Amino acid sequence: MSWTKFELTMISLALLLGFSMISYRSYQHYYYESAAEQLVANIGKIASSVANYEKRTGRYFPISADGEAFVRLYPDPFDSVSVDFQGVDAALFDRGNNNGIVLQLVRFDLARDRPVSVHLFETPYQVGEPYLRLLLQYGSQGQVESEILIRAQSRMPLFSLGEIDDHYYVVDLRRFLDG
């Protein structure tokens, strides 16, 4: 029994479709894994830079441009005269370097950080301690960023990532420094 052209075409089409799907999923897996690796590396660099800054100056955050208060958010998108955080590479916070995920270094303040409970992590946060805020987009890119974050969580120290809501996560930088 010989095969007709129609049968050969259908089998070839099925094989091509199967190969295309496997190739696409392989590419996605590679992209998500490498993006997660880069994100965790950036978070680790930020944590060590903050620790080095604290060792040199005795405080986690620089003094604001007016010289009175400490900077609360770095980088602050709403501050036209932002203070450079010495030792922390600003490129580590860039969305392009984190596959669309927004990273912000925040000084914990119980009065302002109501969603971030002091008991969110194993060791309660003290006023003035730094944590990292991760903000994900809404829409189709949010799904990609969520996939990256799921993979990144498996590379982070245990109990270092806390979910505030589906697009707002916090990272306990102390866990990166402790091991």
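Refer to the structure printed above.
These lines cover the structure that appears in this document, whether it is placed above or below. (Residues numbered from 1 in each chain as written. Predicted model: local features only at pLDDT ≥ 70, side-chain atom pairs only at ≥ 80, totals over all residues. Heavy atoms only, no water.)

Focus on the pairing of strand E5 (residues 168-171)
Logical step 1: Residues of E5 alternate between two faces, with Tyr-168 and Val-170 on one and Tyr-169 and Val-171 on the opposite face, all of them buried.
Logical step 2: In terms of strand pairing, strand E4 (residues 161-165) meets E5 through four bridges, oriented antiparallel. What sits directly across from Gly-162, in E5, is Val-170.
Logical step 3: Linkage of E4 to E5, two consecutive antiparallel strands, is achieved through a turn of two residues. (Buried < 20%, exposed > 50% of the residue type's maximum accessible area, 1.4 Å probe, protein only. Helix = DSSP H or I, 4+ residues; strand = E, 2+ residues; numbered from the N terminus. Pairing = 2+ DSSP bridges.)

A look at the packing of helix H1 (residues 5-57) against helix H2 (residues 140-153)
Logical step 1: At a closest axis distance of 8 Å, the pairing of H1 and H2 adopts a crossing angle of 65 degrees. Both H1 and H2 take part in a crossing whose hand is right-handed. Where H1 abuts H2, its residues His-29, Tyr-31, Tyr-32, Glu-33, Ala-35, Ala-36, Leu-39 and Val-40 lie against Val-144, Glu-147, Ile-148, Leu-149, Arg-151 and Ala-152.
Logical step 2: Tallied by class, residues from the contact of H1 with H2 come to 10 nonpolar, one polar and three charged. (Axes fitted to C-alpha atoms, helices over the stretch in contact; angles between N-to-C directions. Left-handed = near helix turned anticlockwise from the far one by under 90°. Contact = heavy atoms within 4.5 Å. Nonpolar A, V, L, I, M, F, W, Y, C, P; charged D, E, K, R; others polar.)

As for the environment of Glu-145
Logical step 1: Structurally, the position occupied by Glu-145 is in helix H2.
Logical step 2: Filtering out sequence-adjacent residues up to four positions away, Glu-145 remains in contact with Asn-99, Gly-100, Ile-101, Leu-136 and Gln-137.

Points about the pattern of salt bridges
Logical step 1: Using the criterion set out here, one finds six salt bridges in the structure.
Logical step 2: As a salt-bridge pair, Arg-174 and Asp-172 come within 2.8 Å of each other at their nearest N and O atoms.
Logical step 3: The class of Asp-172 is buried, set by a relative accessible area of 2%. (Salt bridge = Lys/Arg side-chain N within 4 Å of Asp/Glu carboxyl O.)

Section: a nonpolar patch on the surface
Logical step 1: A cluster of nonpolar side chains, Trp-3, Leu-8, Ile-11 and Leu-15, forms an exposed patch at the surface whose accessible area comes to about 420 Å².
Logical step 2: Within the element layout of this structure, Ile-11 appears in helix H1. (Patch = residues over 30% accessible without salt bridge, like charges linked within 9 Å, V, L, I, M, F, W, Y side chains within 5 Å. Areas by Shrake-Rupley, 256 points an atom, 1.4 Å probe, with all protein chains shown as cover.)

Thoughts on H2
Logical step 1: Between the first and last C-alpha of H2 there are 20 Å, a value that for 14 residues agrees with the 20 Å anticipated at 1.5 Å per step.
Logical step 2: Listed in full, the buried residues belonging to H2 are Gly-142, Val-144, Glu-145, Ile-148, Leu-149, Arg-151 and Ala-152.
Logical step 3: Looking at the packing, one finds that the buried side of H2 touches H1, strand E3 (130-135), E4 and E5. (Expected span 1.5 Å × (residues − 1).)

Quick notes on the packing of aromatic side chains
Logical step 1: Under the criterion given, the structure shown has four aromatic pairs.
Logical step 2: The interplanar angle of 85 degrees and the centroid separation of 5.4 Å between the aromatic rings of Tyr-74 and Phe-93 together place this pair among those described as edge-to-face. Of the two residues, Tyr-74 sits in strand E1 (residues 73-74) while Phe-93 sits in the loop between E1 and strand E2 (102-107), which places them 19 residues apart along the sequence. Across the pair, Phe-93 and Tyr-74 agree in class, each one buried.
Logical step 3: Three or more aromatic residues joined by ring pairs form one cluster here, namely Tyr-27, Tyr-31 and Tyr-32. (Phe/Tyr/Trp six-rings, centres within 6.5 Å; stacked < 30°, edge-to-face > 60°.)

Remarks on the sheet that holds E3
Logical step 1: Across the sheet, which stays open at both edges, the five strands sit in the order E1-E2-E3-E5-E4 with antiparallel pairing between neighbours. Each of the sheet's edge strands pairs with one partner strand only, and the pair in question is E1 and E4.
Logical step 2: As paired strands, E2 and E3 are joined by six bridges and run antiparallel to one another. Among the inter-strand pairings, Val-102 is bridged to a residue of E3, identified as Leu-135.

A word on the nonpolar core
Logical step 1: The biggest cluster of nonpolar side chains holds 32 residues, and the ones touching the most others in it are Leu-105, Leu-132 and Val-171.
Logical step 2: Broken down by secondary-structure element, the contributors of at least two residues to this core are H1, E2, E3, H2, E5 and helix H3 (173-178).
Logical step 3: Ranked by residues supplied to this core, first place goes to H1 with 10 residues.
Logical step 4: Dropping the residues within four chain positions of it, Val-171 is found in contact with Ile-43, Phe-121, Tyr-125, Tyr-131, Leu-132, Leu-134, Met-156, Ser-160, Leu-161 and Phe-176.
Logical step 5: Listed in part, the nine residues of the second largest apolar core include Phe-108, Tyr-125, Tyr-131 and Val-170. (Core = buried A, V, L, I, M, F, W, Y, C linked by side-chain atoms within 4.5 Å.)

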